[in-house]
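Summary of structural features
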Amino acid sequence: MPTMLEVQNLVKEFKRRDGDIVKAVQGVSFDIHEGEIFSLLGPNGAGKTTTISMISGLISPTEGDASIGGHSITKEPLKAKALLGVIPQEIALYPTLTARQNLEFFGRMYDITGQELVKRVDEVLEFIDLVDRQNDRVETFSGGMKRRVNIGVGLLHRPQLVYMDEPTVGVDPQSRRRILDTVLRLRDEYQMAVLYTTHLMEESQELSDRVGIIDHGKLIAVGSVGELTQQVGEEDRLVLNVGEQIVGEELLGRLKSEINGISNVSYANLAVDGAAAQGEINILATRGRKALPDVITLLNDVWIDVSSIEVREPDLEAVFLNLTGHALRD
Amino acid sequence: MQTFFNVARTELRLIFQSRAQLVNMFVISPILALVVGLGTGAITGGFSETPRLRVDWIDRDQSDLSTAFAAQLRTANSNLVLCPIDNDEDDVCRLDNRDTLDEDLARERLIDGDSLALIIVPDGFESDLLDGRSVSVTYRSNADLTASDHILETVQAVTQQISGSFVAVAVAPDAVESAEGFEFPDNASRQRYQENVYDVATELWAQDLVQVSFEQTIDVGDEDSQVSTAQIGFGQSIPGMSTMYVMFSIFPAMTALILERENWTLQRLVMTPAPRWHLVGGKIAARFVTGMIQYGILFGVAALLGISFGGDVLALVLVMMGFVFAICGLTLALATLVRSEGQANGISLLLTLTLAPLGGAWWPLDITPQFMQVIGRISPVAWAMDAFQALIFEQGGLLTVLPSVLILTAIGLVFTIIGASRFSYE
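What counts and what doesn't
Residues numbered from 1 in each chain as written. Chains lettered and ligands numbered in written order. Predicted model: local features only at pLDDT ≥ 70, side-chain atom pairs only at ≥ 80, totals over all residues. Heavy atoms only, no water. Helix = DSSP H or I, 4+ residues; strand = E, 2+ residues; numbered from the N terminus. Buried < 20%, exposed > 50% of the residue type's maximum accessible area, 1.4 Å probe, protein only. Contact = heavy atoms within 4.5 Å. Areas by Shrake-Rupley, 256 points an atom, 1.4 Å probe, with all protein chains shown as cover. Lys, Arg positive; Asp, Glu negative; His and termini not counted. Charge placed at Lys NZ, Arg CZ, Asp CG, Glu CD. Domains from an automatic or database assignment. Phe/Tyr/Trp six-rings, centres within 6.5 Å; stacked < 30°, edge-to-face > 60°. Lys NZ or Arg CZ within 6 Å of the ring centre and 35° of its normal. Patch = residues over 30% accessible without salt bridge, like charges linked within 9 Å, V, L, I, M, F, W, Y side chains within 5 Å. Salt bridge = Lys/Arg side-chain N within 4 Å of Asp/Glu carboxyl O. Pairing = 2+ DSSP bridges. Axes fitted to C-alpha atoms, helices over the stretch in contact; angles between N-to-C directions. Parallel < 35°, antiparallel > 145°, perpendicular 65-115°, else oblique. Left-handed = near helix turned anticlockwise from the far one by under 90°. Disulfide = S-S within 2.5 Å. 1 Å grid on protein atoms, 1.4 Å probe; cavity = no way out; pocket = protein on both sides within 12 Å on 5 of 7 lines; lining within 4 Å. Points joined across faces, edges and corners; volume = space filled by probe spheres on them. Nonpolar A, V, L, I, M, F, W, Y, C, P; charged D, E, K, R; others polar. Expected span 1.5 Å × (residues − 1).

Attention now goes to the overall build of chain A. A count of helices and strands for chain A gives eleven helices and 14 strands. With respect to the principal axes defined by its C-alpha atoms, chain A has extents near 75 × 45 × 45 Å. Among the 330 residues that make up chain A, the fraction classed as buried is 54%. A sequence separation of at least 24 residues applies to 69% of the contacts in chain A between residues at least 6 apart. When the accessible surface of chain A is totalled, it reaches about 14500 Å², and 46% of it is carbon and sulfur. Here chain A carries 34 positive and 50 negative side-chain charges, and the mean point of each set is 5 Å from the other.

This is the structure we're talking about:
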């Protein structure tokens with residue numbers, strides 16, 4: 001299949017106010033083929049948004065290049081952008097304009113005019129199932145409907161490559177399901193290449209033909225879900241919920257060294273915005289179920305109560321843990 | 001360029017979707033300009049009536065000559081009202097239906113301020129003058145002796161005319177008789193000749209053979225005092241208020257750009273295949289059009305009221321364009337400095353309410369101290385107001401306002417270059 005996106009050694013450095021150089025993206029390379037969904041998976045701050053900002057021409061790379069449909073983003077930016085559909089994480093719409101007016105406005109930005117514009121807008125409104133609300137102002141829409149218009153704007157010019165930046169952030173489960181189905185339709189019905197960024201392993205696992213795992217600005221693994229999970233072999237992942245109890249490095253070290261079969265241990269606090277701690281211990285272990293009694297015994301010895309235990313088959317979370325030494329949601 | 005016009009057109013749609021913007025442009029700004037215009041006109045003599053100078057007149061001679069004296073006073077100063085002879089139905093003389101006036105009452109009226117002066121024509125005024133004797137006309141006033149007294153000056157001018165006429169009457173017969181071979185046959189002929197000389201002399205005085213051309217700094221016109229005084233007030237308020245409201249229309253572009261960046265519509269536009277200058281250029285162009293519309297509304301309202309803005313429409317439009325361009329450039333440059341919606345709103349308000357009075361949009365810079373006139377030149381408003389006043393009050397043309405237009409354009413260019421080079425889309 002033809003290559004729609006080719007990313008070559010992209011580097012982005014920012015200069016901080018104190019003069020220090022921060023390397024947000026460090027030599028990222030990958031490619032995406034026609035009719036392929038490629039997920040860029042990584043925790044917040046891993047460099048996903050910076051990478052796609054360079055690909056979409058919002059910021060210039062410090063080094064490296066990328067080409068969309070054979071057009072370099074640094075040398076032929078306008079031609080490259082014409083092939084790219086942008087669906088940002090934010091609802092990048094004019095709230096006081098109607099859904100139709102928003103679509104028409106962005107359509108004209110891609111030089112679509114006249115009857116062709118009317119036809120494309122009608123098609124997109126049907127695709128996002130908003131024909132009956134097309135003349136209502138976007139500000140009157142629900143969050144899910146706004147997301148659909150946001151997606152529609154990115155598809156209006158029939159791009160060959162669509163980038164979607166965490167499109168399910170902050171949406172209800174029903175809308176989320178609808179968005180994921182839309183992504184699959186873009187590939188299956190329209191043969192579009194999709195660059196999908198997410199920090200949610202489940203989405204990446206469900207949608208992707210291939211996944212790129214990114215952490216601290218580096219692409220640390222690329223492959224299909226099957227290929228990546230093979231990297232962790234037959235290891236199970238034990239997920240132990242310890243509630244508000246904080247687990248230190250010393251205990252994590254004891255778990256790894258004192259119990260046979262454990263290759264990696266990490267602790268993550270899933271609490272957000274100052275809420276009470278929600279501790280989770282992630283353990284990679286061969287024959288995890290057999291190691292479980294020893295794990296519980298050791299935790300009891302140090303007065304750590306475990307409120308729930310889950311044994312998971314190898315997944316992308318386990319891959320990430322195996323590659324980085326910390327959990328995806330850490 | 002299609003993307004440029006697409007951005008500009010949509011930005012205009014967004015601007016004019018705002019009810020607050022529409023009310024400000026089409027309702028509040030004209031009302032404010034009209035109110036300020038009326039106020040300014042009243043301060044400068046505007047809509048108040050032509051001043052009436054009440055002067056009490058006691059004619060003890062009741063002769064043709066004393067009547068002619070009164071008539072000459074009225075001719076010399078059309079604002080004079082000689083009381084009681086010029087009193088009208090509205091009792092302009094404030095005489096409370098009295099038809100006559102004695103000296104005691106006249107003195108009382110002087111003290112009370114009901115009249116500004118008292119003129120007493122003595123008995124024997126005409127006969128004494130005809131006999132070549134000097135007469136004394138009494139003039140009383142409470143006016144400040146150190147200040148110019150227009151009424152006294154009028155009385156003096158008229159008495160000089162009368163004196164001059166009688167000098168001519170006195171010397172003319174002798175001059176004629178001194179010519180060789182001429183002699184009046186009798187006294188009656190001599191008297192008729194003297195009367196003719198008096199008439200001719202008086203007529204010549206009335207014609208003001210030598211005139212001083214008096215011009216007011218502000219042209220108040222001479223046909224319709226209402227229009228001319230409106231011209232004074234609105235000649236200041238329309239350019240002033242419209243210039244201020246142009247700033248109110250354009251500076252909010254700072255806020256709009258920040259919101260676009262926050263909502264990510266600006267970034268989304270950058271990711272479209274449109275040159276970057278089309279994006280911000282289109283948005284600023286929309287503000288330029290908004291500014292010109294604001295000018296058009298207020299100057300249009302004024303034109304409907306019959307206010308004249310000089311004869312050079314091209315020069316007027318160029319001044320407007322120069323100022324709007326300067327403010328658009330300043331807005332773009334400031335948009336690179338502000339970091340939040342609150343900052344942008346604060347700076348917009350602060351700048352408008354500082355630059356407008358500093359540059360003479362609220363009152364003419366000429367009435368401010370010299371140092372304020374110098375400081376005011378830092379405001380683009382001052383250059384625009386200078387140009388507007390040259391067109392409106394001094395009948396200036398394109399060449400007169402060209403320096404102001406060039407300075408405004410230069411201000412706009414400098415700020416546009418700074419803004420365009422520093423603007424961040426991220």
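Still more ground to cover, so stick around.
The next subject is the overall build of chain B. Looking only at helices and strands, chain B features 16 helices and four strands. For chain B, the proportion of its 426 residues judged to be buried stands at 45%. Here the contacts in chain B between residues at least 6 apart in sequence split such that 73% fall between residues at least 24 apart. Element-wise, carbon and sulfur atoms account for 59% of the exposed surface of chain B, whose accessible area totals about 21600 Å².

Moving on, we come to the domain arrangement of chain A. Entries for chain A in the domain assignment read domain 1 (3-228) and domain 2 (234-313). Between domain 1 of chain A and domain 2 of chain A, the C-alpha centre-to-centre distance is 36 Å.

Here the focus is the side chain of Ser404 of chain B. As for its placement among the helices and strands, Ser404 of chain B is situated in helix H16 (residues 398-422). Among residues more than four places away in sequence, those in contact with Ser404 of chain B are Trp383, Asp386 and Ala387 of chain B.

Residue and element names in this part refer to chain B. Applying the stated rule across the entire model yields 15 aromatic pairs over all chains. Taking the centre distance of 6.0 Å and the plane angle of 70° together, the rings of Tyr295 and Phe299 count as edge-to-face. Here Phe299 and Tyr295 lie together in helix H11 (residues 276-304), a separation of four residues that amounts to about one turn. For the pair formed by Tyr295 and Phe299, the shared burial category is buried. Judged by centre distance (5.9 Å) and plane angle (80°), the ring pair of Trp362 and Trp363 falls under edge-to-face. The class for Trp363 is partly exposed, based on a relative accessible area of 36%. Ring pairing ties together the aromatic residues Tyr295, Phe299, Phe323 and Phe388, which thus form one cluster. Positioned above the aromatic ring of Phe423, the side-chain terminus of Arg261 is 5.0 Å from the ring centre.

Here we take up a negative patch on the surface. Residues and elements named next belong to chain B. A cluster of acidic side chains, namely Asp102, Asp104, Glu108 and Asp112, defines a negative patch on the protein surface. Secondary-structure assignment places Asp102 in the loop between strand S2 (80-83) and helix H4 (103-112). For Asp102, a relative accessible area of 45% gives the class partly exposed.

Turning next to a nonpolar patch on the surface. Residue and element names in this part refer to chain B. The grouping of Val23, Phe26, Val27, Ile28, Ile31, Val35, Val289 and Ile293 at the surface amounts to a nonpolar patch, some 620 Å² of accessible area in total. Residue assignment for the nonpolar patch shows that the elements contributing at least two residues are helix H2 (19-43) and H11. The biggest single contributor to the nonpolar patch is H2, with six residues. Tracing the backbone shows Ile31 in helix H2. Owing to a relative accessible area of 48%, Ile31 belongs among the partly exposed residues under this scheme.

Residues and elements named next belong to chain A. Strand order across the open sheet formed by six strands is S6-S7-S8-S3-S9-S10, with mixed pairing between neighbours. The sheet is open, and its two borders are formed by strand S6 (84-87) and strand S10 (218-223), each paired with just one other strand. Neighbour to neighbour, the strand axes of the sheet diverge by 15° on average, direction disregarded. As paired elements, S6 and strand S7 (residues 161-165) share four bridges and run parallel to each other. Bridge pairing in S7 links Leu84 to Leu161. In the packing of helix H1 (residues 48-55) onto the sheet, the strands contacted are strand S3 (37-41), S6, S7, strand S8 (193-198) and strand S9 (210-215), and the crossing angle to S8 comes to about 150°. The sheet contacts of helix H5 (residues 143-155) involve S6 and S7, and relative to S6 the element is tilted by about 165°.

Residue and element names in this part refer to chain A. Contact geometry of H5 with helix H6 (residues 173-190) gives a least axis separation of 10 Å together with a crossing angle of 15°. Regarding the angle of H5 to H6, the classification is roughly parallel. The two elements H5 and H6 cross, and the hand of that crossing is right-handed. Mapping the contact onto sequence places Gly144, Arg147, Arg148, Ile151 and Leu155 in H5 and Ser175, Arg178, Ile179, Thr182 and Leu186 in H6.

The next thing to look at is the state of the cysteines. Residues and elements named next belong to chain B. Counted by the stated rule, this structure contains one disulfide over all chains. With its sulfur 2.1 Å from that of its partner, Cys83 forms a disulfide with Cys93. Looking down the S-S bond of the Cys83 and Cys93 bridge, the torsion is -90°, so its handedness is left-handed. Of this pair, Cys83 sits in strand S2 while Cys93 sits in the loop between S2 and H4, and the two are ten residues apart along the sequence. Exposure class is identical for Cys83 and Cys93. Each is buried.

Our focus in this paragraph is the layout of surface pockets. Residues and elements named next belong to chain B. Put simply, the second largest pocket is a space of about 630 Å³. As for the second largest pocket, its lining consists of 24 residues, of which Leu14, Ser18, Ala256, Leu259 and Arg287 are closest to the centre. Elements with a minimum of two residues in the lining of the second largest pocket: helix H1 (2-17), H2, helix H8 (225-250) and helix H9 (253-263). The element that contributes the greatest number of residues to the lining of the second largest pocket is H9, accounting for five residues. Its residues placed into classes, the lining of the second largest pocket shows eleven nonpolar, ten polar and three charged.

Residue and element names in this part refer to chain B. Counted at 1.5 Å a residue, the expected span for helix H15 (residues 380-392) with its 13 residues is 18 Å, and the 18 Å between its end C-alpha atoms agrees. Of all 13 residues in H15, eleven are buried, a share of seventy percent or more. Buried residues of H15: Pro380, Val381, Ala382, Ala384, Met385, Ala387, Phe388, Gln389, Ala390, Leu391 and Ile392, and no others.

Residue and element names in this part refer to chain B. Where helix H12 (residues 313-335) contacts H15, the two axes come as close as 10 Å, and the packing angle between them is 175°. Taken as axis vectors, H12 and H15 run roughly antiparallel relative to one another. For the pair H12 and H15, contact is made by Ala315, Leu316, Val319, Met320, Phe323, Ala326 and Ile327 and by Pro380, Val381, Ala384, Ala387, Phe388 and Leu391, respectively. Broken down by class, the residue content of the contact of H12 with H15 amounts to 13 nonpolar, no polar and no charged.

Residues and elements named next belong to chain A. Spatial strand order, S12-S13-S11-S14: four strands in an open sheet with antiparallel pairing. Unpaired on one side and paired on the other, strand S12 (262-269) and strand S14 (308-312) mark the two borders of the sheet. Between one strand axis and the next, the sheet turns by 15° as a mean value, whatever way the strands run. Summarising the sheet, strand S11 (residues 235-243) and strand S13 (residues 279-286) pair through eight bridges and their orientation is antiparallel. Bridging from a neighbouring strand, Leu240 pairs with Ile281 of S13. Against the sheet, helix H9 (residues 249-258) contacts S12 and S13, and its axis sits at roughly 160° relative to S12.

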